[in-house]
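# Survey of secondary and tertiary structure
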Amino acid sequence: MHESYFDPDMFRLHLNSLLQNLRNVTFLLQKQKAKLVDYDTWYPQFQQEAKRNQIARWSVDSRNRVTKESDLDLLSSCQVTWTLNWVSRVENAETFPPHMSTREIIDELRRRRIAPIGLITVRRRWVDKELPEWELLDATAEAYSRLARLLWTVHSAAGVHECDIEDRSIECVTSALNDNPSRLSCMDLAASDLQGHFSLTDNREIEPIFESVEIDLERGRASAERIGGIDLPALDPISNVPGFMETARRVMNKDGYHDTLCFLYRGNELAAMRKLQFNNQQEKMLSFEHVAELVESTRSDGVLVIGEMWVAVQTEKEKELGTVFFPARDRLDRMEALSVYAVTRDGRHAEQLCMVERGPNGEARCKEPDPVEFGVLTNTVLPIKRKWEDMQRRGV
């Protein structure tokens with residue numbers, strides 16, 4: 001669907017087809033109920049959950065509209081976000097012709113009178129008039145994930161743990177069965193194609209840099225031996241902060257640097273890992289906006305971040321006004337530190353910080369972790385908290 005996003009007629013055609021095919025799966029299950037193990041247990045439960053779920057109701061109603069009445073009443077708009085800093089941001093809905101690309105929209109915005117500071121993000125949005133708070137790729141991804149979990153239930157009830165159908169041509173669509181509520185990885189990539197970020201300071205388009213990190217036990221054991229031990233992620237993110245800090249200090253003392261790593265948790269399980277890279281504050285903000293999007297797609301309820309940072313003491317005037325005139329990285333009195341912090345959807349948080357000293361040849365020595373008042377150093381969690389609040393409003 002995302003490949004036809006800027007072709008209104010083709011997008012509508014693909015959307016209609018998807019809605020009908022999703023419904024055909026449940027029709028097939030109903031037709032074959034006599035052959036399915038425990039059908040009278042799991043299918044009524046699925047139906048009850050569907051009645052309470054906004055996306056499930058919309059999916060059924062939309063299929064009925066498409067087949068019995070007319071096409072969905074689609075609206076095309078753009079969400080334009082002006083971000084001045086971590087705290088100050090303004091969002092507006094703008095109207096542009098559906099065929100305009102994100103780059104063309106950004107070029108149009110550049111011609112308008114916008115304050116020449118900060119960052120502009122443009123997100124193209126197709127919505128159904130009956131579901132205005134959901135972008136349609138997000139809505140259909142949610143419907144797909146619910147159906148995938150149902151099929152996992154069907155197979156599990158029959159004691160079948162592997163599916164014998166062939167994988168599809170799209171790499172991320174496989175025959176694997178699981179009850180994971182997260183979306184397929186290609187759905188996240190599709191969504192990222194529909195937005196653009198533009199720096200108002202130096203007139204350039206910005207792309208956040210992040211890498212998926214696969215869990216490799218062999219590599220993990222080798223790394224543990226190299227640094228003299230490692231605490232692997234086994235508990236919830238809050239409980240993991242001290243262990244991760246101890247491991248991070250060993251890495252820092254051994255290598256002289258530490259990558260910025262982000263761990264996403266679903267309950268006590270690790271849902272995803274990302275390596276983040278940013279060369280300036282704007283790229284850093286975009287990277288954590290991406291983390292926030294990943295939080296929703298993986299249904300993560302906890303996030304832990306490890307990384308180096310610059311710190312500086314607020315001046316008396318800054319304390320008086322409750323602000324920071326210059327970020328620590330731009331100050332002469334800046335100090336190097338290593339930070340590990342975690343936050344969860346239910347409001348828990350933890351943070352540890354240790355200062356880093358450099359030897360004559362640049363070698364690092366991490367001091368003992370200091371107690372930190374959470375919130376002072378962690379503006380990076382604000383996009384994640386906003387995302388959890390938005391998910392709560394939408395019942396996700």
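Look a little higher up for the structure.
Summary of the structure given here.

The secondary structure content of the protein amounts to eleven helices and 13 strands. The contacts in the protein between residues at least 6 apart in sequence include a share of 67% that link residues at least 24 apart.

This brings us to the side chain of K387. Locating K387 in the fold gives a position in helix α11 (residues 382-393). The exposure class of K387 is buried, given its relative accessible area of 11%. Beyond its immediate chain neighbours, meaning those up to four positions away, K387 contacts A292, E293, V295, E296 and R394.

Turning next to the nonpolar core. L264 and V303 are the most contacted members of the largest nonpolar core, which totals 46 residues. Broken down by element, the residue count for this core peaks at seven residues, all from helix α5 (residues 136-157). Non-local contacts of L264, meaning those with residues more than four positions away in its chain, are made with E269, L270, A271, A272, V291, L294, V295, T298, S300, G302 and V303. Core analysis: the next-biggest nonpolar cluster, separate from the first, contains 19 residues, M245, A248, A342 and V356 among them.

Attention now moves to the packing of helix α1 (residues 8-31) against helix α3 (residues 54-68). The N-to-C vectors of α1 and α3 enclose an angle of 115°; their axes lie 9 Å apart at closest approach. One element, α1, and the other, α3, form an angle in the roughly perpendicular class. Like other packed secondary-structure pairs, α1 and α3 cross with a definite hand, here left-handed. Two secondary-structure elements touch here, α1 through N16, L19, Q20, L22, R23 and F27 and α3 through W58, S59, V60, S62, R63, V66 and T67. Within the contact of α1 with α3, the residues separate by chemical class into six nonpolar, five polar and two charged.

Across a sheet, strands are paired by hydrogen bonds formed along the backbone, either parallel or antiparallel in direction. In space, the five strands of this open sheet follow the order β2-β1-β3-β4-β5, with antiparallel pairing throughout. Looking at the sheet topology across the chains shown, the edges are occupied by β2 (89-94) and β5 (204-205). Bridge count between strand β4 (residues 195-199) and β5: two bridges; the pairing is antiparallel. Residue pairing across strands places S199 opposite R204, the latter belonging to β5.

So, how was this worked out
Residues numbered from 1 in each chain as written. Predicted model: local features only at pLDDT ≥ 70, side-chain atom pairs only at ≥ 80, totals over all residues. Heavy atoms only, no water. Helix = DSSP H or I, 4+ residues; strand = E, 2+ residues; numbered from the N terminus. Contact = heavy atoms within 4.5 Å. Buried < 20%, exposed > 50% of the residue type's maximum accessible area, 1.4 Å probe, protein only. Core = buried A, V, L, I, M, F, W, Y, C linked by side-chain atoms within 4.5 Å. Axes fitted to C-alpha atoms, helices over the stretch in contact; angles between N-to-C directions. Parallel < 35°, antiparallel > 145°, perpendicular 65-115°, else oblique. Left-handed = near helix turned anticlockwise from the far one by under 90°. Nonpolar A, V, L, I, M, F, W, Y, C, P; charged D, E, K, R; others polar. Pairing = 2+ DSSP bridges.

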